[in-house]
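Per-entry structural report
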Amino acid sequence: AGMGKAVELGMKHGKEEAAYVKKLRNDTIKKLFREIPYLRLNGDFHHRLPGNINISFQFVEAQSLLVLLDMQGICASACTSGDKGISHVLQAIHLREDLARGTLRFTLGADNTPEEMEELVKQLKLLVNDLRSF
């Protein structure tokens, strides 16, 4: 019975939530590209999961950026790790190694707000500029 109710609620609210998250995602991607130079969006802008932003920051190591974001209370995932190398997904799309090492993935959901995304863009701009200045 519980599973049935969950499916019912998912069907009722799923399309609305997906549309909201997709708009939030698209707005955030556009703002990132306006505010930060030398970015690469991995994957198609339109044909992607609603809550997925996978972006490469040229001239930045993702692991460093990840630590600095965490210190600001912002969650992200790096698409590389020191011992495992570049993710198989980035290898499959033939992303250059320097870009792959600067790649982060952000996952958005219906609980995220436009204000949170504004803060994400603001922090990324500051942190990326700081890392690039070294």
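Up top is the structure.
Residues numbered from 1 in each chain as written. Predicted model: local features only at pLDDT ≥ 70, side-chain atom pairs only at ≥ 80, totals over all residues. Heavy atoms only, no water.

1. Comments concerning unusual backbone geometry
For residues other than glycine, phi is negative in most cases, and the peptide bonds are mostly trans. Phi angles above zero are rare outside glycine, and Tyr-38 is one such case at about 60°. Mapping Tyr-38 onto the fold places it in the loop between α1 (2-35) and β1 (39-41). A relative accessible area of 51% places Tyr-38 in the exposed class. Backbone geometry at Phe-59 places phi at a positive 70°, although glycine is not the residue there. With respect to the helices, strands and loops of the structure, Phe-59 is situated in the loop between β2 (52-57) and α2 (62-71). Assessed through its relative accessible area of 54%, Phe-59 is described here as exposed. (Helix = DSSP H or I, 4+ residues; strand = E, 2+ residues; numbered from the N terminus. Buried < 20%, exposed > 50% of the residue type's maximum accessible area, 1.4 Å probe, protein only.)

2. Here we look at the pattern of salt bridges
Tallied over the entire structure, the rule returns 5 salt bridges. Between Asp-98 and Arg-96 there is a salt bridge; the shortest N-O distance is 2.9 Å. (Salt bridge = Lys/Arg side-chain N within 4 Å of Asp/Glu carboxyl O.)

3. Focus: the side chain of Asn-26
Looking at the element boundaries, Asn-26 is found in helix α1. Among the residues examined, Asn-26 registers a relative accessible area of 11% and is labelled buried. Engagement of the side chain of Asn-26 in a polar contact is seen with the side chain of Arg-25, the distance being 2.7 Å. (Polar contact = N/O pair within 3.5 Å; in protein donor to acceptor, adjacent residues only side chain to side chain.)

4. Some thoughts on the nonpolar core
Ranked by size, the top nonpolar core spans 27 residues in total, and within it Phe-57, Leu-65, Leu-69, Leu-104, Phe-106 and Leu-124 carry the most contacts. Of all the secondary-structure elements, those providing two or more residues to this core are α1, β1, β2, α2, β6 (103-107) and α5 (114-132). Element by element, the count of residues in this core is highest for α5, at 7 residues. Setting aside its immediate chain neighbours within four residues, Leu-65 contacts Phe-57, Val-60, Leu-104, Leu-124, Leu-127, Val-128 and Leu-131. (Core = buried A, V, L, I, M, F, W, Y, C linked by side-chain atoms within 4.5 Å. Contact = heavy atoms within 4.5 Å.)

5. With respect to the sheet that holds β2
To summarise the sheet geometry, strands pair through backbone hydrogen bonds and adopt either a parallel or an antiparallel arrangement. Spatially, the 4 strands line up as an open sheet ordered β1-β2-β6-β3, and their pairing is antiparallel. Both outer strands of the open sheet, β1 and β3 (77-78), are each paired with one neighbouring strand and no more. Bridge count for β1 against β2 is 3 bridges, and the pairing is antiparallel. Within the sheet, the bridge partner assigned to Arg-40 lies in β2 and is Ser-56. (Pairing = 2+ DSSP bridges.)

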